[in-house]
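Chain and residue survey
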Amino acid sequence: MTTWTPQPAALQEILQTIHESTDTRNAAVQRTITHKLNNFTRAPDYVAYLAYILSSMPQEEDRIRTIAGYLLKNNARLILRASPEVLAFAKSAVLVAFSDPSIMIRNAAAQDIVAFLGILEPRNWPECLQQLVHMLDSPNVDHQEAAFNVLERACEDYPRKLDVEINGTWPLEYMIPKFIVLSEHPNAKMRAHAIACLSYFVPIGCQALFAHIDTFIACLFKRASDEDSAVRKHVCQALVLLLASRPEKLMPEMGNVAEYMLYSTKDKHENVALEACEFWLTFAEDPDLAPYLHPLLGKVAPVLLDCMVYSEDDLLWLQGDDEDAAVPDKETDIKPRHYGGKSHGFEREANGDDSAQKRVGAYGEELDEGDEEDYEDFDDEDFADEMSTEWNLRKCAAAALDVLAVRFGADLLNVLLEPLKTKLWSDDWLQRESGILALGAMAEGCIDAIEPHLPTLVPYLINTLNDPKPLVRSITCWTLGRYASWCTQPISEEHKNTFFVPTLEGLLRMVLDNNKRVQEAGCSAFATLEEDAGPELAPYLEPVLRNLVVAFDKYQHKNMLILYDAVGTLADAVGTALQNPMYVEILMPPLLKRWSKLKDDDDDLIPLLECLASVTIAIGPAFLPYAGPIFDRCHTIVHKSLLQYQAYQQNPEMDEPDRSFLVVALDLLSGLTQGLGMALEPHITRTQPSLLQLLTVCLKHPHAAVRQSGYALVGDMAMNCFPILRPHVPAIMQELIAQLDPEPKVEFISACNNAAWAVGEIALRYGRDDSEFQQWVHPLISRLIPILLHPKAPRSLHENAAVSIGRIGLMHPGLVAPLLPEFAQAWCQALYEIRDNEEKDSAFRGLCTLVQTNPAGITKSLLWFCNAIVRWNQPSPELNNMFQQLLNGFKQHDAVGWAAQVATFPPVIQERLATRYGV
């Protein structure tokens, strides 16, 4: 095979660009260089040039060669489309560089090898794996360590790719015993690498490791008291991974393991203590292990409580004592937000955002994609800033305590009552602060046991909002937010005056604190209070709005985003109470001031539009004077976004435009539609190009979040300004029908939900037996019934499909009733549990109409039908009358048969049928 050699001119151009890239002071130069480097990636042998500079140009400075190595790592995927000559050269060159005398070059080459080995897979580069394993026996300790470092990263990043057969042998059958032997190496770094490499094969159920599992566990126990903290950290990590995937192997030794982990949770090296603390979090999360954990509560819980005190490092990093309200934020402080779009109908299981972002819990921990239940436990967006920064021992302990509280409730509180009291009433502010954090962490699981103490604890927390230490004030806000649902209960006037009003006043004070961390925690907790209080907040709207309006002038960039959320949540909570002209006068000027300052492509426009969508719905007709410019801007954003996306589709070399602007503009148009209805007609009719034509394009958009918001707007227009929508329904209906899918991909569930919901709204607005709508009945029903019957369709989709089948049936009973036997049971099963509301009412009136039209269609599903009837709390008079007539009809038609069938029903159904309907 011919070997690759560089062309001098091309080599010189790439080298020159790398040299120029070291001038980081000139932004214009950097932009040009980025553009040039991006263009180089189109050259088929770019990776070979980078590998050549890294490995074969000792005359260049190490810094230049190292940059080439990092560029090679970042462009490693290009090797997949490289010619055999380029690929062979790049592979051999990085292995040559890995033995370079310079440590900088070796480190850069190590990163390249990890990247190449992951992309090519070890089975396609076995000589590299062989060389790395061979280097573990090198007499040169630096070479040993460098090889082990690469192997550790490979084991961590892609263990499954290593657990394969290559040329008739399984490399791990040799490597794993080798790692076990090396766990005894005299060099601590080698021991740490060995334990780490072994541990990464636990979660994938690697047979080569499990063949030696007992030896592996014995080796962990042997290293448990290693003098090196990195080794102990990896021992703890391995035990955590074993507990998660092979707990039965640890149970016989659980007494010793627990003692060791308790001891390690108190290790003076925080990296060891954090790994050990993960053990208790993992232990608590597995319900099957609860019987083993319960006897340890008395020892574990107090240790976790002690881990929640801020360390000196934390305090240095947080710099928490400043009055920094006037200090502008650094852009790096502001995390990117992902906007998923608006959900309609019964939305339970989909978050509607198809971005592949990591989900983060209330304590800053990353959540597995599959952990729906755990996500429910942790999905509190009312966390303070110190809850959302990087993962550390304090947060891990708080998260573990939260899960223990959910798992053991009162038993946990009994163990912690005395140590908690000691902390809460300590003279040391750090102890007090950690006690307040613990109280918040336990709120969800221990609420029943803590409730008798809340009349003492809530006033204590309100009083603590006056603490001179900002970190104490901020954690107190978070904890009050966790107990907001208790504070807002409408138990009595006394409860309201003693707990709700002082909490409201205290948190509003914190919203205007002079410390930014306290503002953030106060504003987040206040948003939680708003959600829990709902309409109970209405009498206090004037002081609430006046405080929030002051915050608009006071807040820096980061907290402004949380303030938008608090205003939007307030509007959602109090609804039409916000229509009072005085409240509109207080709230709208600062919102419009912010609105006028922001350009159409400013990221801050997204949360402001989101906030305005809630405000427009609440303010309703009173919003009309402000509607014109807001409507026009939304239309402009939708139009611009679609044009940008069209340009991107025609030229994929462009950066993909951010779809968030389009999604949030559609959602604000939905808000305007809900708030203003037909009053929007003059604005809609004068749009160029027509808003409804743009909307039809949105329904075809490749991104699910755009379609989701598009279908929400269709449904909202059907409900609130149907005459404007009606001429465009034929074009829209084609897209709606296509969107109805019995087994949508996860990211399409919310779009599908909204489409299913919108269909029902349109059917209702066309009215009974409308001739135009009749053409769509069969195509719609033939899509909706399979969704309803599909065992894997999400529950929310079952519910929305059932509602729309009911509504179409209400309007076109003659066309739908013959199909009743196909779906009656599944229909009743989908809707009997959901709360009473108008959507459910119209759907049930539809089902009753179908049963009246085809009584035989319900015969096989009578038990489910009766169960669904008696599960209603307060059906509307019209629906209740329909139930009564149908049940009377069944009984009169065949009294003996009816009595015999009812006798087979569960007693509770028999009793309710008799009590309510006399049958």
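Please read these numbers as outputs of a predicted model, since none were measured by experiment. (Residues numbered from 1 in each chain as written. Predicted model: local features only at pLDDT ≥ 70, side-chain atom pairs only at ≥ 80, totals over all residues. Heavy atoms only, no water.)

What follows concerns helix α10 (residues 171-182). Over its 12 residues, α10 runs 16 Å from end to end, which matches the ideal 16 Å to within 8%, given 1.5 Å per residue. Among the residues of α10, those classed as buried are P171, L172, M175, I176, K178, F179, I180 and L182. Against the buried residues of α10 lie α7 (126-135), α8 (141-157), α9 (159-162), α11 (188-199), α12 (207-210) and α13 (213-223). (Helix = DSSP H or I, 4+ residues; strand = E, 2+ residues; numbered from the N terminus. Expected span 1.5 Å × (residues − 1). Buried < 20%, exposed > 50% of the residue type's maximum accessible area, 1.4 Å probe, protein only. Contact = heavy atoms within 4.5 Å.)

Okay, helix α24 (residues 429-441) next. The terminal C-alpha atoms of α24, which comprises 13 residues, lie 18 Å apart, in line with the 18 Å expected from a rise of 1.5 Å per residue. Buried residues dominate α24, accounting for 12 of its 13 residues. Looking at α24, one finds that the buried residues are W429, L430, R432, E433, S434, G435, I436, L437, A438, L439, G440 and A441.

Moving on, we get to the nonpolar core. Counting residues in each nonpolar core, the largest one holds 339 residues, and the members touching the most others are W280, F623, I762, W827 and F865. Each residue touching F865, except ones within four places of it in the same chain, is listed here: C828, L847, C848, V851, I858, L886 and F890. (Core = buried A, V, L, I, M, F, W, Y, C linked by side-chain atoms within 4.5 Å.)

On to the environment of V86, then. Locating V86 in the fold gives a position in helix α5 (residues 84-97). Separated by 769 residues in sequence, V86 and P855 place their C-alpha atoms 75 Å apart. V86 has contacts with W4, P44, D45, V47 and A48, leaving out every residue within four places of it along the chain.

Our next topic: the packing of aromatic side chains. Under the defined criterion, the tally for this structure stands at 25 aromatic pairs. Judged by centre distance (6.2 Å) and plane angle (45 degrees), the rings of F552 and Y564 are tilted. Placement of the pair is F552 in helix α31 (residues 541-554) and Y564 in helix α32 (residues 557-574), with a sequence separation of 12 residues. Of the two residues, F552 and Y564, neither departs from the other in class, the shared state being buried. On the numbers, 4.9 Å between centres and 75 degrees between planes, the contact of W827 with F844 is edge-to-face. Of this pair, W827 sits in helix α46 (residues 820-831) while F844 is found in helix α47 (residues 838-853), placing the two residues 17 residues apart along the sequence. No difference in accessibility class separates W827 from F844, as the two residues are buried. Clustering of aromatic rings is evident, with ring pairs tying together W827, F844, W872, F883 and Y917. It is R707 that lies over the ring of F748; its NZ or CZ is 4.8 Å from the centre. (Phe/Tyr/Trp six-rings, centres within 6.5 Å; stacked < 30°, edge-to-face > 60°. Lys NZ or Arg CZ within 6 Å of the ring centre and 35° of its normal.)

Residues Q688 and P689 are joined by a peptide bond in cis, for which omega reads -10 degrees. With respect to the helices and strands, P689 occurs in the loop between α37 (681-685) and α38 (691-698). If you check the backbone angles, N167 has positive phi at about 50 degrees while not being a glycine. Structurally, N167 is set in the loop between α9 and α10.

Here the focus is the packing of α24 against helix α27 (residues 470-482). Working note: a packed helix pair is described by the angle between its axes plus the distance between those axes. Closest axis-to-axis distance for the α24/α27 pair is 8 Å, and the angle between their directions is 15 degrees. Here α24 lies roughly parallel to α27, going by the angle between them. The element α24 and its partner α27 pack so that their crossing is left-handed. For the pair formed by α24 and α27, the contact residues are W429, E433, I436, L437, L439, G440 and A441 on the first element and L471, V472, I475, T476, W478, T479 and R482 on the second. (Axes fitted to C-alpha atoms, helices over the stretch in contact; angles between N-to-C directions. Parallel < 35°, antiparallel > 145°, perpendicular 65-115°, else oblique. Left-handed = near helix turned anticlockwise from the far one by under 90°.)

Right, let's get into the confidence of the model for the protein chain. For the protein chain, mean pLDDT is 91; residues scoring 70 or higher make up 94% of the total. Under a pLDDT of 50 for its full length, residues 347-361 has, in the predicted model, 44 contacts with residues more than four places off or in other chains. Here residues 366-388 is a poorly scored stretch, pLDDT under 50, and it has 57 contacts once near neighbours within four places are set aside; other chains count. (pLDDT = per-residue confidence, 0-100.)

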